[in-house]
Amino acid sequence: MAASAAVRSSMGLTLRLSRVIPDCSTCPLFRLKCNAKNVANLQRRGSFDSLRTINRHLQTSIGLYHSEEGSSNAEHPEDVVNVVYIDRSGQRIPVKAKVGDNVLYLAHKHGIDLEGACEASLACSTCHVYVSAAHFDKLQEPEEREDDMLDMAPMLQENSRLGCQIILTPELDGIELTLPKVTRNFYVDGHVPKPH
Amino acid sequence: VLIYTPALLFCCNSNELDVNLSRVFAGGCGKASLSSCSPKVCIVGSGPAGFYTAQHLIKVDIYERLPVPFGLVRFGVAPDHPEVKNVINTFTQTAKHSRCSFYGNVNVGKNVSITELQQAYHAVVLSYGAEGNRSMGVPGEDLAGVYSAKDFVGWYNGLPSCRELSPDLSCETAVILGQGNVALDVARILLSPIDILKKTDITQPTLEALAESQVRRVLIVGRRGPIQIACTIKELREMVNLPDTRPDMVAADFDGVKEALKDLPRPRKRLTELMLKTALEVPGEKEQERRSKASRTWGFRFFRSPVEVLAEPGHSRIAGIRLAINKLEGSGDGAQAVLTGEVEDVPCGLVVSSIGYKSLPIDPSVPFDSRKAIVPNTMGRVKQAAGLYCSGWLKTGPTGVIATTMNNSFDTARSILEDMDSGTLDMSAAKPGSQSISALLEKRGVKPVTFSDWEKIDNVEMKRGESRGKPREKLLTVEEMLHVAWT
């Protein structure tokens, strides 16, 4: 889809993905801290989910039912794809996934807030994610139907994709997927309120 | 129906919410024990707005006027868009969760008042959408043969109140006013080959009517120009690719559009490019052949506003529609259509007005902005009405797809949770919740339909559909639905 790639790059709005969290991944202390925090997060997220929201926990189980697409009990190291989800509050959630995993169902399995209203049938834009620059071009070009649905997503960027269309390959190791963050000060018609 | 979604969700991390959670229960109830003061919340309306709001609340009751849930997902989304309806699976999970209770067949405003709900619940969320429609406001609007898209869509989707619509499809030309996704849905249903439609959940009476339909030409009319068109590319592509049809556009309508392309944002640009291609490009041999064999045509007509629906002399049936010719002042989204004084008459036998749904006031005690036809609110908190919230189209107006409503509803749920946390929502007194409402309803002879009752209806519909090769054969009357629910 060279045409759509050209359109993308000529797109008027070029909201650069601004990283609110510095890239610590090169620091050895980061991995240590990350693993410890991750375990605690999962425990905390689990309990807060079942109390706080009706079926966030149940949503996770959708991923389990689609185990052929989303399961990631990676036994073989060659199969492992390291993925980082950056949720809407900017929190980094590293996930060990497997080649062939679907990014949407993987997110559900790990309790990440990526809605998939139409269940991966290219009929909505609720699984919109930003893909890390280093990996964006390694993805298969979107089909026309995906581009059509992406057009409906707010805060579309050059590195936007629908999560349900991303299947993990070995080249995507280290991919980072950011959930678009929009505060409630955003208006449907693009109006930006003036500070007062 | 469409547009931009202010996509959003929670922007607080789990740390913050954990602390808040314990504050909600402790702070709100003073010395009372946790179990005796749980927050009671109810939602009026079980469409996407209702269910997405429910998804983020701890314990919630949903009241629905019809015996069946899901609102416009069931009655608005076109039959040939089944994937859009997948969201019903998410809603079903929410409804079957032990913390959510569904009460169908309860007419809020008639069987029980908002005031009574507010006495029983700490927070009441209004998510009942838009059941009215904007009228064209032109003479002849009430002639036989003129329908609102809301009713037409309700008819082909089996909405009980639209069962008797029986539109006359014995004319050659149909004119649709409006160029949003609903208008394109109507055009597509009018022109789709029956072989495609008969495998969908379109109602049997509609299928029979369409099989006899003489409609061969559909014009989709808009006040402004191609760059202002309100539909989205997916729906346009479906028209372009519709089997046995060919496009019929007016080339002059597209003057200047190609030059304006370069400044358009991506979604608008792709949509406009597809329109230009369809309207102006000389098709290749294969497409040329396909078009020449097509038995039906569809086309956009731009810069036209309805001024009168014309009747056949001496009859009260429609013979045509008089359209005023406009010119555009300004450009882009803000361009205005201005009358030129010229008019044009288009002979036709069917007019569908697709210029917008409209919310209606439910109860005199609820503030209502009749100009915008919404409940006045700030972030989902109804103005000057403590404990009252709104989500979905009632909150923002009747545009947007399911994703839009999802974000809008999560937003409202968040406002409610914030208000519980901060004490803005008064939770000092325990409230009875559904216990008192159920008692009231029983006293008034109203029997709610539970979610398991709905599942019986669901199963009957799916079973009936099976023998016809359809995903379901919808029950078309409330009486039938209740009969199945309670047998």
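Please read all numbers here as calculations on a predicted model, not as lab measurements. Per chain, the residues get numbers from 1 upward, laid out in the order the sequence is written. Throughout, the order in which chains and ligands are written sets their labels, letters from A for the former and numbers from 1 for the latter. Note on the predicted model: pLDDT of at least 70 is required for a residue's local features to be given, and 80 or more for side-chain atom pairs to be given and counted; whole-chain, interface and lining totals, by contrast, use all residues. Values reported for side chains reflect all heavy atoms of the structure, with hydrogen atoms and water molecules removed beforehand.

## Some remarks on the sheet that holds strand E9 (residues 245-247) of chain B
All names here are of chain B. Taken in spatial order, the six strands line up as E6-E14-E7-E8-E10-E9 in an open sheet, and their pairing is parallel. Each edge of the open sheet is held by one strand with a lone partner, namely strand E6 (146-148) and E9. Each neighbouring strand pair of the sheet contributes to a mean axis angle of 20 degrees, computed without reference to strand direction. In short, DSSP must find at least two bridges between two strands for them to pair. Helical segments are the DSSP runs of H or I of at least four residues, strand segments are the runs of E of at least two, and each set is numbered from the N terminus. Relative to strand E10 (residues 296-301), E9 runs parallel, the two being bridged by three bridges. When the sheet's bridge partners are listed, Arg246 is paired in E10 with Thr297. Note on geometry: axes are C-alpha line fits, over the in-contact stretch for helices, and angles between N-to-C directions span 0 to 180 degrees.

## Section: the nonpolar core
Definition of nonpolar core: a set of buried residues of the types Ala, Val, Leu, Ile, Met, Phe, Trp, Tyr and Cys, connected through side-chain atoms within 4.5 Å. Only protein chains enter the calculation, and the probe is 1.4 Å; a residue is then buried if its accessible area is under 20% of its type maximum, exposed if over 50%, and partly exposed in between. Judged by nonpolar contacts, the single largest core of 54 residues is most densely connected at Leu190, Val218, Ile220, Trp298 and Phe300 of chain B. Examining the composition of this core, we find that eight residues originate from one element, helix H7 (residues 181-191) of chain B, more than from any other. When near neighbours in sequence (up to four residues on either side) are disregarded, Leu190 of chain B contacts Phe152, Leu169, Ala174, Leu210, Val218, Arg296 and Leu350 of chain B. If you look at the next biggest cluster of nonpolar residues, it comprises 45 residues, including Ala117 of chain A together with Ile43, Phe51 and Ile402 of chain B. In this analysis, two residues are considered to be in contact whenever any of their non-hydrogen atoms come within 4.5 Å of each other.

## A short note on the environment of Val240 of chain B
Residue and element names in this part refer to chain B. Here Val240 shows up in helix H10 (residues 233-240). Val240 gets classed as buried once you look at its relative accessible area, which sits at 18%. Between the alpha carbons of Val240 and Gly299 there is a distance of 9.8 Å; along the sequence they are 59 residues apart. Among all residues touching Val240, those that are not within four sequence positions of it are Thr278, Arg290 and Trp298.

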